[in-house]
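Coordinates in review
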Amino acid sequence: MIPPSDYPGLSQHLLVGAVLFCLGLVGFLARRNMILAFLNAELMVQGVALNFVAFSRYRGNLEGQSFVLFLLTVAACEAAIAMALILVLYKNRGTLDVSVWQELREDSLDAVEDTDPLPLPAAQAPMPPLPTAGLGPQQPEELSRV
Amino acid sequence: MDPGSICAGELLKEGFMPPIGQPFSFSFAEGGMNNPVALLPLGAVLAAAFGLFLLLPSPKGGPRFLGYLIVIGALVAFVASMARGTAFSIELLLQQIFSAAAILGAVFLVTQANPARAALSFTLVVLGTSGLFLTLGAPFLAAANVIVYAGAIIVTFLFVLMLAQQDGPSDSSSRSRDPFMASLTGGLLLFVIAHTVTGDRDRFSVVGNQSNPAPVMPARVVEEQSGRLDATGRLAIPAENTAFLGADIYRHFLIGVELAGVLLVVATVAAIVIAQRHTANFPAESSEVKA
């Protein structure tokens with residue numbers, strides 16, 4: 001008789017998968033860059049794949065690993081389609097921000113307006129002073145003359 | 001012994017898995033609400049979620065140092081708790097290192113304002129999970145994960161980011177949408193999942209515990225699996241991972257393999273059709289525009 005609880009690492013691996021999944025959820029909900037939202041969805045997929053492989057080890061068969069193989073295939077297809085869609089959206093509005101598409105929201109929801117001003121871009125360090133092109137620095141006159 | 005012959009349907013039939021449709025009982029009875037120790041994990045998860053909230057990009061700028069302190073503390077506590085109750089082993093140490101790398105990369109991915117840095121930190125997540133795949137006896141998947149994600153997906157996304165990147169702060173990278181509610185949602189979901197996986201009173205607990213031992217495997221499964229135990233008494237999986245994985249896929253999921261191929265072709269065609277300039281397809285329309 002093999003009690004499944006004999007495998008000590010299962011719950012730890014499931015917890016790591018859950019942490020990755022929830023971090024991906026937070027990023028997907030909070031980030032406004034379309035590419036980052038998609039990468040966060042991929043992060044959730046990684047958490048799920050980790051669960052599959054952990055269960056595969058725990059059950060002692062390869063079904064979980066087979067599932068992850070299909071999961072990788074679907075993720076690759078999904079990445080290609082998402083990239084094409086994001087490119088089309090970017091060409092339309094000139095920005096990756098999802099909030100420019102908020103006219104697609106439901107009627108009952110209010111429009112989100114950004115009230116806080118964006119921080120100023122970091123000040124660039126002043127360029128080192130260089131001599132004007134074409135005018136070399138003054139050279140000491142050569143002493144020897146022919 | 002056929003490595004992949006146990007399917008979920010048979011397990012359900014033989015009473016190994018809990019039947020679907022039973023009422024889900026979730027309660028803090030047995031002194032849970034009155035017991036502060038039982039609520040400690042909830043507090044820890046919510047504190048980590050608050051640290052994540054401080055780290056999410058916002059134009060106001062918050063105490064990011066405090067956020068880093070909380071999140072790193074929570075990560076260290078989580079990784080240290082993985083070693084609880086087990087003797088030290090190299091496997092455990094590797095598992096801790098890879099888990100920490102994956103979670104740290106995930107935190108950077110969620111909180112970095114610079115999209116290129118965030119995409120690169122996703123590589124760290126992929127490397128961490130691939131390392132965990134290795135410790136779980138899945139070397140082929142570890143390699144495939146690195147090749148497909150780090151090698152293909154990240155690089156293509158960095159390429160698109162380069163095309164669309166704007167200098168300095170922008171609406172898309174320096175602002176978050178409802179960061180507080182988002183991190184609260186993630187924290188609560190994480191607490192519920194963690195409680196389900198490890199909880200003491202939950203009869204859906206996967207790993208079992210004292211008051212509610214994990215379900216016993218049916219006799220047929222145990223008989224098939226006896227003689228496949230490794231040195232630590234766990235179920236062994238074949239060392240020839242790739243060969244057995246290929247045999248498993250073609251034996252049990254042949255139609256799935258064919259469908260995956262079809263899906264890849266369709267996705268390729270669809271990506272080309274979606275991304276190309278549509279004006280080139282309609283010469284009549286574009287000539288009207290010229291006229």
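Residues numbered from 1 in each chain as written. Chains lettered and ligands numbered in written order. Predicted model: local features only at pLDDT ≥ 70, side-chain atom pairs only at ≥ 80, totals over all residues.

So, on to the overall build of chain A. Within chain A one finds three helices and zero strands. Its helices and strands taken in sequence order, chain A reads α-α-α from the N to the C terminus. Projected onto the principal axes, the alpha-carbon positions of chain A cover approximately 105 × 55 × 30 Å. Counting all 146 residues of chain A, 46% fall into the buried class. Expressed as a percentage of contacts within chain A between residues at least 6 apart in sequence, the contacts between residues at least 24 apart total 49%. (Helix = DSSP H or I, 4+ residues; strand = E, 2+ residues; numbered from the N terminus. Buried ≥ 20, exposed ≤ 12 C-beta atoms within 10 Å, placed from the backbone. Contact = placed C-beta atoms within 7 Å.)

All names here are of chain B. Unusually for a residue other than glycine, Asp178 sits at a positive phi of about 50 degrees. Along the chain, the position of Asp178 falls in the loop between helix H7 (171-174) and helix H8 (179-198). Taking the C-beta count within 10 Å as the criterion, Asp178 has 13 such neighbours and is therefore assigned partly exposed.

In this section: the interface of chain B and chain A. Listed by partner, the interface residues are 91 residues for chain B and 76 residues for chain A. Among the secondary structure elements, those contributing two or more residues to the side of chain B that touches chain A are helix H4 (90-111), helix H5 (115-135), helix H6 (139-164), H7, H8, helix H9 (219-225), helix H10 (241-252) and helix H11 (254-275) of chain B. Here the residues of the side of chain B that touches chain A sort into 60 nonpolar, 23 polar and eight charged. (Nonpolar A, V, L, I, M, F, W, Y, C, P; charged D, E, K, R; others polar.)

Relative orientation of the contacting elements helix H3 (residues 63-93) of chain A and H10 of chain B amounts to 80 degrees, with a least axis distance of 10 Å. Here H3 of chain A lies roughly perpendicular to H10 of chain B, going by the angle between them. On H10 of chain B, the residues touching Gln65, Ser66 and Leu69 of chain A of H3 of chain A are Leu245, Asp248 and Ile249 of chain B. The class makeup of the residues in the contact of H3 of chain A with H10 of chain B is three nonpolar, two polar and one charged. (Axes fitted to C-alpha atoms, helices over the stretch in contact; angles between N-to-C directions. Parallel < 35°, antiparallel > 145°, perpendicular 65-115°, else oblique.)

Here the focus is helix H2 (residues 40-55) of chain B. Along its 16 residues, H2 of chain B runs 23 Å from first to last C-alpha, staying within 8% of the 22 Å computed at 1.5 Å per residue. Looking at H2 of chain B, one finds that the buried residues are Val45, Ala48, Ala49, Gly51, Leu52, Phe53, Leu54 and Leu55 of chain B. The inward-facing, buried residues of H2 of chain B contact helix H1 (10-30) of chain A together with helix H3 (64-82), H4 and H8 of chain B. (Expected span 1.5 Å × (residues − 1).)

Glancing now at the confidence of the model for chain A. Of all residues in chain A, 90% have pLDDT values of 70 or greater, and the mean over the chain is 84. Within the model, the stretch residues 1-6 of chain A combines pLDDT values under 50 with 16 contacts to residues more than four positions away or in other chains. (pLDDT = per-residue confidence, 0-100.)

Turning our eyes to something else, we now look at the nonpolar core. The biggest cluster of nonpolar side chains holds 82 residues, and the ones touching the most others in it are Leu20, Leu39 and Val53 of chain A together with Ala106 of chain B. If you tally residues by element for this core, the top one is helix H2 (residues 34-59) of chain A, at 15 residues. Aside from chain neighbours lying at most four places away, what touches Val53 of chain A is Gly64, Gln65 and Val68 of chain A together with Phe133, Leu136, Ala138 and Leu141 of chain B. (Core = buried A, V, L, I, M, F, W, Y, C linked by C-beta atoms within 7 Å.)

Moving on to the packing of H5 of chain B against H6 of chain B. Residue and element names in this part refer to chain B. Where H5 meets H6, the closest approach of the two axes is 8 Å, and the angle between their N-to-C directions is 175 degrees. The angle between H5 and H6 places the two elements in the roughly antiparallel class. Contact residues: Pro115, Ala116, Ala119, Phe122, Thr123, Val126, Leu127, Thr129, Ser130, Phe133 and Leu134 in H5; Pro139, Leu141, Ala142, Asn145, Val146, Tyr149, Ala150, Ile154, Phe157, Leu158 and Leu161 in H6. Broken down by class, the residue content of the contact of H5 with H6 amounts to 18 nonpolar, four polar and no charged.

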